[in-house]
Amino acid sequence: MPERFPTARVDLEDLTVSQGAPVLLRRALAKLAAGELLEVCGDSPDLSEELGAWCRKEGHRYLGEAARKNVYRIECGAGPAPTMASGRQPSEVADPRWGLAPRGARIEAGAPEFAFTLRRKREVWARELDSIHKQAAANQWSATRDIPWESLPKLPAELEVAVCQMMTFLTENEFAALYVPARFIPRIHPHYREVVEVLAVQVADEARHAEAFTRRAEAGGCGLGTSAVSSQLSLQTLLEEPDFTTATFLLCVMGEGTFLTLLKFLEDHAPESVTATLANLARRDEARHVAFGMEHLRYVLEREPERRASLAAAVERRSRMLASISGLSPYVYDALTVLAGGGILPRQIRDGARRVAALHRNMDRSRRERLQSLRFDAEEARALSAYHTKNFM
Ligand SMILES: [Fe+2]
Ligand SMILES: [Fe+2]
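Residues numbered from 1 in each chain as written. Chains lettered and ligands numbered in written order. Predicted model: local features only at pLDDT ≥ 70, side-chain atom pairs only at ≥ 80, totals over all residues. Heavy atoms only, no water.

## Examining unusual backbone geometry
So, step 1. One non-glycine residue with positive phi stands out, namely Glu13, at about 50 degrees.
So, step 2. Note on placement: Glu13 falls in the loop between β1 (8-11) and α1 (21-30).
So, step 3. Classification of Glu13 as exposed rests on a relative accessible area of 56%.
So, step 4. Here Glu128, not a glycine, exhibits a phi torsion of approximately 65 degrees, which is positive.
So, step 5. Examined against the element boundaries, Glu128 turns out to sit in the loop between α3 (121-124) and α4 (129-138).
So, step 6. Exposure remark for Glu128: the relative accessible area of 47% places this residue in the partly exposed category. (Helix = DSSP H or I, 4+ residues; strand = E, 2+ residues; numbered from the N terminus. Buried < 20%, exposed > 50% of the residue type's maximum accessible area, 1.4 Å probe, protein only.)

And the structure:
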């Protein structure tokens with residue numbers, strides 16, 4: 001039998017297996033093909049025994065001591081389990097066997113399969129994810145640090161009550177906007193990590209909004225107002241939507257889109273700077289949530305234009321489920337009217353009511369614009385905007 005020459009050599013000096021010798025052994029063996037020889041030098045007294053046990057465990061063949069003292073030989077085995085690559089760019093379909101491995105990593109075969117149900121790019125992807133995430137990271141604010149709480153004045157009771165009622169309504173909507181993306185995050189394959197990251201920040205934004213609005217209601221001494229059945233029913237239908245794209249359409253395009261107009265109205269008519277600042281900061285976040293929704297819908301509709309019909313059907317279905325709700329909750333309507341009029345004198349109420357009517361028209365107009373920019377035709381956009389829940393979200 002011809003003599004076999006080692007392909008590579010590693011010097012362990014006096015390093016033992018328990019002191020980290022496998023790090024150097026694995027590096028050396030990784031460069032060898034199966035069947036090639038590694039020569040190992042080392043003068044730790046038990047090295048021969050240790051190498052034998054280690055080779056059995058790692059799938060290599062230990063050939064024992066060579067002709068020279070303190071020199072050993074290992075025949076490289078088939079090595080660790082084969083790996084697969086998920087690629088650096090997002091694939092159209094993510095393999096359940098990629099599991100939680102980051103995209104671009106080598107993944108050992110044999111890992112368990114994960115039950116991520118959203119594992120097709122067209123089900124979750126959006127354009128502009130990087131820029132939406134960068135903006136989100138750069139614009140995080142704190143309900144403690146960034147709000148001028150110390151400047152909160154004592155308001156006339158009717159204005160304070162109106163502010164607190166709006167804070168109550170906003171907070172319940174924030175919870176809905178938090179739970180919808182939170183429900184979908186664990187279903188999205190981590191291969192599409194940019195989507196998960198954007199939604200995770202969205203969840204954090206909504207938690208901050210809920211905290212800040214509740215805090216404003218409590219800060220004025222009057223506390224939270226009333227939560228209406230109509231609002232809760234409307235939000236429940238949003239929470240129960242099982243399809244990601246439909247839920248994103250209802251929440252981010254229709255609901256949060258409508259809230260952009262509402263928050264601007266509150267900022268313009270806030271009786272003090274704390275409420276105005278809160279409305280402004282929340283609106284900035286909501287604009288990003290709407291941008292994600294629009295970009296996701298654009299991505300989906302470019303590939304499946306026929307989905308417009310199912311989205312329209314979802315809005316109509318929700319409207320039928322909410323047929324018992326005749327309009328905006330009277331608590332919210334009254335609060336908006338008092339805030340917009342600046343008080344409860346009849347002339348102030350007349351002004352306030354006129355401004356609230358204009359608010360509804362502005363909401364409808366911006367919903368129709370958004371729908372038309374998603375290539376719904378003008379008539380479809382008009383009908384869908386009219387079907388949208390009377391409770392704004
Ligand atoms: Fe929010
Ligand atoms: Fe939001």
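## Comments concerning the pattern of salt bridges
So, step 1. In total, this model carries 32 salt bridges according to the counting rule given.
So, step 2. For Lys264, the salt bridge identified is with Asp268, shortest N-O distance 2.9 Å. A residue pair is termed a helical-turn pair when its members lie 3 or 4 positions apart in one helix, as Lys264 and Asp268 do in helix α8 (residues 244-269) at four residues.
So, step 3. The exposure class of Lys264 is partly exposed, given its relative accessible area of 35%.
So, step 4. Taking the relative accessible area as the measure of exposure, Asp268 reaches 48% and is therefore partly exposed.
So, step 5. Among the ionic pairs, Glu295 bridges to Arg298, the shortest N-O distance being 3.2 Å. Linking Glu295 with Arg298, this pair stays in helix α9 (residues 273-303), spanning three residues, or about one helical turn.
So, step 6. Each of Arg127, Glu295, Arg298, Glu302 and Arg303 takes part in a single network of salt bridges with overlapping partners. (Salt bridge = Lys/Arg side-chain N within 4 Å of Asp/Glu carboxyl O.)

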